[in-house]
Amino acid sequence: MDHQPIVKPPLDQFSVPPNLDNWKTRRAAHNWDAVRAELDGLPNGGGLNLAHEAIDRHANNTPDKVAMRWVTAAGAVEDYTYADMKRLSNRFANALRDLGIQKTDRVFVFMDRTPELYAAVFGTLKNLSIIGPLFSAFGPEPVRDRLQHSHARVLVTTPALYKKVGQIRADLPHLEHVLLTDHGVTVPEIPGTQPLDTLLDAASEEFEIPPTAAEDWSVMHYTSGTTGKPKGAAHVHSAVLGHYLTGKYALDLHPEDLYWCTADPGWVTGTSYGMFAPWTNGVTNIIYAGGFGARGWYRVLQDQQVTVWYTAPTAIRMLMKAGTAVVKSFDTSALRFMASVGEPLNPEAVLWGHEAFGIPFHDNWWQTETGMIMIANYASQDIRPGSMGRPMPGVEPAIIQHNEATGKYEAVVEPGVEGDLAVRPGWPSMFRTYWEDQERYASRFKDGWYLTGDRARRDADGYFWFVGRSDDVINTAGHLVGPFEVESALIEHEAVAEAGVIGKPDPIAMEIVKAFVALKDGYAPSDSLRNELIGFARRKLGPGVAPREIDFLPSLPKTRSGKIMRRLLKARELGLPEGDTSTLEDD
Ligand code: PRX
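Residues numbered from 1 in each chain as written. Predicted model: local features only at pLDDT ≥ 70, side-chain atom pairs only at ≥ 80, totals over all residues. Heavy atoms only, no water.

S.K.: If you had to explain the packing of helix H4 (residues 82-98) against helix H5 (residues 115-126) to someone new, which residues and values would you point to?
M.R.: Between H4 and H5, the least distance of the axes is 7 Å, while the angle of their chain directions is 60 degrees. On the basis of the axis angle, H4 is oblique to H5. For the crossing formed where H4 meets H5, the hand is right-handed. Contacts from Met85, Lys86, Leu88, Ser89, Asn90, Phe92, Ala93 and Leu96 in H4 reach Tyr118, Ala119, Ala120, Phe122, Gly123, Thr124 and Lys126 in H5. Considered class by class, the residues forming the contact of H4 with H5 number 9 nonpolar, 4 polar and 2 charged. (Axes fitted to C-alpha atoms, helices over the stretch in contact; angles between N-to-C directions. Helix = DSSP H or I, 4+ residues; strand = E, 2+ residues; numbered from the N terminus. Parallel < 35°, antiparallel > 145°, perpendicular 65-115°, else oblique. Left-handed = near helix turned anticlockwise from the far one by under 90°. Contact = heavy atoms within 4.5 Å. Nonpolar A, V, L, I, M, F, W, Y, C, P; charged D, E, K, R; others polar.)

S.K.: How would you sum up the packing of aromatic side chains? Please name residues and give values.
M.R.: Scanning all chains against the criterion turns up 28 aromatic pairs. Each ring, one from Trp260 and one from Trp309, has its centre 5.9 Å from the other, and the planes form 15 degrees; the classification is stacked. Separated by 49 residues along the polypeptide, Trp260 in strand S10 (residues 258-261) and Trp309 in strand S12 (residues 308-311) bring together distant segments of the chain. Given a relative accessible area of 0%, Trp309 falls into the buried group. Here Tyr273 and Tyr310 contribute two aromatic rings whose centre-to-centre distance is 5.6 Å and whose plane-to-plane angle is 90 degrees, an arrangement assigned as edge-to-face. With Tyr273 in helix H10 (residues 268-280) and Tyr310 in strand S12, this residue pair connects regions lying 37 residues apart in the sequence. No difference in accessibility class separates Tyr273 from Tyr310, as the two residues are buried. (Phe/Tyr/Trp six-rings, centres within 6.5 Å; stacked < 30°, edge-to-face > 60°. Buried < 20%, exposed > 50% of the residue type's maximum accessible area, 1.4 Å probe, protein only.)

S.K.: If you had to explain the pattern of salt bridges to someone new, which residues and values would you point to?
M.R.: Applying the stated criterion across every chain, the model contains 40 salt bridges. Residue Glu492 pairs with Lys540 through a salt bridge whose shortest N-O separation is 2.8 Å. Taken together, the positions of Glu492 in the loop between helix H16 (483-490) and strand S26 (496-506) and Lys540 in helix H17 (residues 527-541) put the pair 48 residues apart, joining distant regions of the chain. Of the residues examined, Glu492 reaches a relative accessible area of 44% and is grouped as partly exposed. Note on Lys540: relative accessible area 16%, which makes it buried. (Salt bridge = Lys/Arg side-chain N within 4 Å of Asp/Glu carboxyl O.)

Interpretation note: all reported values are geometric properties and have no functional meaning in isolation.
Here is the structure:
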């Protein structure tokens, strides 16, 4: 540890007593049945339904409490109570039912952060269909891959975003209904689409959620791997136990909180912590529709009196760049707790939080597949800057290594050793499959462990320290990008013979997507071709996925079996030793 720990005061000095008062005793006493007892269950013993626990439970008890405060980029505010959210999601559930959409059918949302998005998510969950969120900055190809693979029957989107869908519609034979909405503005008549508002107006406000089993499907998030197209990590309704408990312990949510999660709802943080954790904990959830900007964000913190803020390292580093004085020109004194996820949070950023806001950022670690926070720095516990923290109650992570003698993966007992970060299966929000790819799902489990794909160390006091990924997946601004997806898009350009894609270290975004391209005969490298390729990829993939840099090479290094050696491209880019190149094909 290079930095001094941030020592927390005794419990009686907290203005709001932390829910997780003592990490050790809460872990020792943990029991998921006791957590279940804090939730409701559907009337008549119908089980845990995510939408009931997040919305209807509170609509029944505190109907007039503001559930969602929607803040536009221009600063306009619309409040929705828990009762409003219940009615709106009931209408959406009825609209789905009227369309004949059934349990387990896939319903996708491709929208910016508008109230209709949230009604669609909970309405889908009430109908026991599977909700699949899509990042609104995606280009047509990532949208096509996901809708095609999941056989989505319904897509809810806006007229503006439908422009990206129209061009791929012919590739989506299973997509029966495209529902357009524009937050109250009448949508244009576009062939092959229906206005959502018309369906909602005709739908009843009453909806009885069908009995929901613990293992009924709930949410599906596509996530990238090293090879192949993105995989649909699918979750179940009983995951709500994990959303609720991590909201309570890792984000220290109390019902009186005004909470803001900056993640986009197209990614898992935007659902698990933009919707499920806050609403199961009964808070007022601030939804800011605007984009990133230091002043705009501080204005939200100030004007909305945000008490708990969950954001990400790239954003924090950009805020640091804007300077501490900008923070100080706003009143952020309502803030009680700040957390971060998605990439390594450098110690400087943790400490900058302290300097700028008077409280540190609390890093935590999890994945699309884990569905909930697994390792965290807690309000009551000292922070070791640079560490992801310690495991949640009910979660058993370990550093494991392959033992050549026994042929098995085994947990490393001694501290300080680098190895694969693994977790004992059994936490409620664990993904249950990669959709239609059970084989790949099974490959993530070895010798009784779930293999996360990350490398890490654990210190003597049980704090985990991130080391890196063990695969080629790129983490750019907290979003995972599969190199294969980007390579596939590039080779569709007429000039490109082969493409290899890596993550290039970047001081702000952690990594940027960088491509190496070999051209077909008859094409020559030039700046204009480079710009054309970047533009081509951006139109197909969207700006967050497309490469920011392209280098031309005469040919790409490949194994004898023809696989592009991304590891070697990366080593050469970084000027590092090339490692074992014995499988490299001869030129
Ligand atoms: O590599 C780790 C990194 O992000 C991956 C998970 O990304 P995704 O499935 O998109 O989930 C996003 C929601 C958390 C991890 O395997 N990662 C996440 N949190 C951290 C992190 N790396 C370092 N420190 C973290 N706190």
